[in-house]
Amino acid sequence: MTASETTTSPATELVIAPEQAGLRLDKALALLGGEVSRARLQQVIKEGGVSIDGIVVADASRKVAVGQRLSLVMPEAKPAAPIGQDIPLTVVFEDEHLIVIDKPAGLVVHPAGGHEDGTLVNALIAHCGESLSGIGGVRRPGIVHRLDKDTSGLLVVAKNDKAHRGLAKQFADHGRTGPLERAYLALVWGAPRRQTGTIDAPIERSNRNREKMMVVGEGRGREAITHIELIERYPPLLRGHEELEALASLVECQLETGRTHQIRVHMSHIGHPLLGDQLYGSGFMTKASRLPEKAQTALADLGRQALHARLLGFEHPVTGEELRFESEPPAEFARLQAELSIL
């Protein structure tokens, strides 16, 4: 049996074989189906989605007999319906079609396992109210790109289908033929050797740690390209006639693609993981002991990867106007940067 939880499936006809005789109806269906959980089948039975020899049966515990014909109809799954929640937002721009948010670190963008509420989506449902005309027939904000929970900065969200389609097209193009721009500030361990460079290294999810992404060889993973520019070294390269080792640096990263954890993975790949990144920079934690006490305290107070989405530019999907927004790093990021700058 093949059953889909996303669309209404046609009736699936099953015949009870000798080995299933005497089983409960829900257990027999679970054994025959394989792809649908027993708990889900119990709910379908309760809702009248199962019949035996043409008669609807609502009792999951009923025993089945050899030769009985079961008919199973899986109902259309109900989409998740996040509730609106009054969560403070910093709105940079808003009109009837879209909204640009300066997201604080610690705010999850979309409800998911472990974060069913308290997300940016919950906040936007409450904030936008009736101005959400529906994405795919559902009154909800249209997420076209995301920031990690612990990354701060600029994010655009669609309010209606037309805006959602237009923005999604621009993000799929990654700015290669249009005005889309995305730039991030990152505080990283050490410093890249060159002032500018490009990291072109495909990424896929790790088999060992499903929370982690990794760089893979050619022909594997998904294309991932990050352009980097060294902004400041800490300490500077030269002090008088002495050449100094960089303990850390400020790097601007411009995305040409938008893979999960892309900047964090790429900077770790070239030997310069982000300060505070527990997932991709754990091997550099001892470097923190080389920082002055105030810088160590600032890093501990940051409590996350030092990454901020500072620039977002795109074409308005309805009016055609080119929009460009910039965001200063939050106070805890700026404080760490200030302490590093006096090394």
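Look above for the structure.
Analysis parameters
- Residues numbered from 1 in each chain as written.
- Predicted model: local features only at pLDDT ≥ 70, side-chain atom pairs only at ≥ 80, totals over all residues.
- Heavy atoms only, no water.
- Buried < 20%, exposed > 50% of the residue type's maximum accessible area, 1.4 Å probe, protein only.
- Helix = DSSP H or I, 4+ residues; strand = E, 2+ residues; numbered from the N terminus.
- Arc of directions from axis to C-beta.
- Contact = heavy atoms within 4.5 Å.
- Salt bridge = Lys/Arg side-chain N within 4 Å of Asp/Glu carboxyl O.
- Pairing = 2+ DSSP bridges.
- Core = buried A, V, L, I, M, F, W, Y, C linked by side-chain atoms within 4.5 Å.
- Axes fitted to C-alpha atoms, helices over the stretch in contact; angles between N-to-C directions.
- Parallel < 35°, antiparallel > 145°, perpendicular 65-115°, else oblique.
- Left-handed = near helix turned anticlockwise from the far one by under 90°.
- 1 Å grid on protein atoms, 1.4 Å probe; cavity = no way out; pocket = protein on both sides within 12 Å on 5 of 7 lines; lining within 4 Å.
- Points joined across faces, edges and corners; volume = space filled by probe spheres on them.
- Nonpolar A, V, L, I, M, F, W, Y, C, P; charged D, E, K, R; others polar.
- Expected span 1.5 Å × (residues − 1).
- Polar contact = N/O pair within 3.5 Å; in protein donor to acceptor, adjacent residues only side chain to side chain.

Caption draft 1: Structural view of helix α7 (residues 331–341). Every buried residue of α7 is listed here: F333, L336, Q337, E339 and L340. An end-on view of α7 places all buried positions within 165° of arc, on one side of the element. Packing partners of the buried residues in α7 comprise β9 (181–189), β13 (225–234), β16 (248–255), α6 (293–302) and β17 (307–315).

Caption draft 2: Expanded view of the pattern of salt bridges. As enumerated under the stated definition, the model contains 15 salt bridges in all. Between R304 and E332 there is a salt bridge whose closest N-O contact spans 3.8 Å. Highlighted residues: R304 in the loop between α6 and β17 and E332 in helix α7, separated in sequence by 28 residues. Under the relative-accessibility criterion, R304 is labelled buried at 4%. Shared partners join several salt bridges into a network, and the residues in it are E181, E252, R310, R324 and E326.

Caption draft 3: Structural context of the sheet that holds strand β1 (residues 12–15). Taken in spatial order, the four strands make up an open sheet running β1-β4-β2-β3, and their pairing is antiparallel. Each edge of the sheet is formed by a strand with only one pairing partner; in this case those strands are β1 and β3 (55–56). In terms of strand pairing, β1 meets strand β4 (residues 69–72) through four bridges, oriented antiparallel. If you follow E13 over to β4, its bridge partner there is S71.

Caption draft 4: Focus on the nonpolar core. With 31 residues, the main nonpolar core has L120, L124, Y184, I263, M267 and L274 as its most contacted residues. With sequence-adjacent residues up to four places away left out, L120 is seen in contact with L89, I101, L107, V108, V109 and L155. Core analysis: the second largest hydrophobic core is formed by 19 residues, W189, A248, A306 and L336 among them.

Caption draft 5: Seen up close, the packing of α6 against α7. Here α6 crosses α7 at 160°, and the two axes come no closer than 9 Å. Judged by the angle between their axes, α6 and α7 are roughly antiparallel. Every pair of crossing elements has a handedness; the one defined by α6 and α7 is left-handed. For the pair formed by α6 and α7, the contact residues are K294, A295, T297, A298, L299, D301 and L302 on the first element and E332, F333, R335, L336 and E339 on the second.

Caption draft 6: Spotlight on the layout of surface pockets. Each pocket or cavity is described by its volume, and for the largest pocket that value is around 1200 Å³. Around the largest pocket, the lining comprises 38 residues; the ones closest to its centre are R146, L147, D148, T260 and H261. Going through the elements one at a time, α4 (161–173), β9, β11 (203–205) and α5 (262–269) are the ones with two or more residues in the lining of the largest pocket. Here the residues of the lining of the largest pocket are counted per class, giving 16 nonpolar, 11 polar and 11 charged. Quantified by volume, the second largest pocket comes out at close to 200 Å³.

Caption draft 7: Up close: α4. With 13 residues, α4 ought to run about 18 Å at 1.5 Å a step, and its terminal C-alpha atoms sit 18 Å apart, in line with that. Where α4 is concerned, the buried positions are A163, G166, L167, Q170 and F171. Down the axis of α4, the smallest arc covering the buried residues is 130°, so these residues share one side. Across from the buried face of α4, at angles greater than 90 degrees, the exposed residues are R165, K169 and A172. In the core, the buried residues of α4 are packed alongside β6 (98–103), β8 (152–158), β9 and β17. Remark: H174 follows α4 within two positions and exhibits a positive phi of approximately 60°.

Caption draft 8: Quick peek at the side chain of S327. Within the element layout of this structure, S327 appears in the loop between β18 (322–326) and α7. A polar atom in the side chain of S327 sits 2.7 Å from the side chain of D102. Polar side-chain contacts of S327 include one of 3.0 Å to the side chain of H308. The contacts of S327, once residues within four sequence positions are left out, are D102, L154, H308, A309 and R310.

Caption draft 9: Quick peek at the pairing of β16. Most of β16 is tucked away: seven of the eight residues are buried. Bridge analysis of β9 against β16 gives seven bridges, and the strand direction is antiparallel. Looking across to β16, one finds that A183 is bridged to Q254. Judged from the eight bridges that link them, β13 and β16 form a sheet pairing that is antiparallel. Note that in β16 the partner of I228 across the bridge is C253.

Caption draft 10: Structural view of unusual backbone geometry. The step from Y234 to P235 runs through a cis peptide bond, and the omega angle for that step is -10°. A positive phi angle is found at D53, which is not glycine, with a value near 50°. Structurally, D53 is set in the loop between β2 (50–52) and β3. A positive phi is found at H261, a non-glycine position, where the angle reads about 60°. As for its position among the elements, H261 is in the loop between β16 and α5. Look at H261 and you get buried, because its relative accessible area is 15%.

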